[in-house]
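One-letter residues, chain by chain:
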Amino acid sequence: MADADDVKMEPSWKSALEEEFGKDYFTTLRAFVKSEYKSAIVYPAPKNIFRAFELCPFDKVEVVILGQDPYHGPGQANGLCFAVNEGVRLPPSLQNIFKELESDLGQKLEHRTGDLERWAKQGVLLLNATLTVQAHKAGSHQGKGWEQFTDAVIRLLSDKKENLVFILWGNYAKSKGTLVDWAKHEIIQSAHPSPLSAYHGFFGSKPFSKTNQYLLAHGKQPISWL
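Now for a quick tour of the structure.

What counts and what doesn't
- Residues numbered from 1 in each chain as written.
- Predicted model: local features only at pLDDT ≥ 70, side-chain atom pairs only at ≥ 80, totals over all residues.
- Heavy atoms only, no water.
- Helix = DSSP H or I, 4+ residues; strand = E, 2+ residues; numbered from the N terminus.
- Expected span 1.5 Å × (residues − 1).
- Buried < 20%, exposed > 50% of the residue type's maximum accessible area, 1.4 Å probe, protein only.
- Contact = heavy atoms within 4.5 Å.
- Phe/Tyr/Trp six-rings, centres within 6.5 Å; stacked < 30°, edge-to-face > 60°.
- Lys NZ or Arg CZ within 6 Å of the ring centre and 35° of its normal.
- Pairing = 2+ DSSP bridges.

Look at helix α5 (residues 92-105): 20 Å from first C-alpha to last across 14 residues, which is about the 20 Å you get at 1.5 Å a residue. For α5, the complete set of buried residues consists of Ser93, Leu94, Asn96, Ile97, Phe98, Glu100, Leu101, Glu102 and Asp104. Looking at the buried positions of α5, the neighbouring elements they touch are α6 (117-120), β5 (165-169) and α9 (207-217). Directly after α5, the chain includes Gly106, whose backbone phi takes a positive value near 65 degrees.

Set out below in structure tokens:
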């Protein structure tokens, strides 16, 4: 990542987050990430660190799905939470997300790719709380400043926009609900889609139909999830 003036990010987001880029924690974070990419294998590729923002500009956001950490295996992380690059085997959590999607909407998926770019381009911000990770070391970039940055993103969306849907899967994501004004936005929360918890409240939670019902009720376009 470059100097604060030079952070490469989609223009509407860059403008909205300009204040964050000038803060001390972001300067420290930037230096840490830069050195990590030089000295270790880090995911996703540098050009994809802010891909979630690139594909879903600030003024287009209608839904936020929150993840915790990028995948740390080769070829998986692509800058969108829960997503993987095209051609990569679907991780268990994403397999379960697709199972719930088909069950919820009562239809078969048209798109089997795990990239999820099609969701992002419709206004679904697929945001990880931590945007980078060292290969094969889950959580290795947690506590370095990314969470402060992504918390600011969530607060900004809550403050500046209305009638968004925040989908919070698992206890970590649910903890971010405190950053959202529940009077202005819809919060849909359940267990995490991981195999460890999917049968304890994720399956049957119907997040996709609930999201579309809320969007339609507020005069917005539903998401074409399939």
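Here the focus is the packing of aromatic side chains. Per the counting criterion, the structure on display carries 19 aromatic pairs. For the ring pair Trp13 and Phe58, a centre distance of 5.2 Å and an interplane angle of 80 degrees mean the geometry is edge-to-face. Note that Trp13 is positioned in helix α1 (residues 11-16) and Phe58 in the loop between α4 (51-55) and β2 (63-67), a separation of 45 residues in sequence. Each member of the pair, Trp13 as well as Phe58, is classed as buried. Between Trp119 and Phe208, the ring centres sit 6.0 Å apart and the planes meet at 55 degrees, which makes this aromatic pair tilted. Taken together, the residues Trp119 in helix α6 and Phe208 in helix α9 connect sequence positions 89 residues apart. For Trp119, a relative accessible area of 1% gives the class buried. A connected cluster of aromatic rings, assembled from ring pairs, spans Trp13, Phe21, Tyr25, Phe26, Phe50, Phe53, Phe58, Trp146 and Phe149. The ring centre of Phe58 lies 5.3 Å from the NZ or CZ of Lys161, which sits over that ring.

Direction of pairing for β5 relative to strand β6 (residues 186-190): parallel, over a ladder of five bridges. Each bridged residue has a counterpart across the sheet, and for Ile167 the counterpart in β6 is Ile188.

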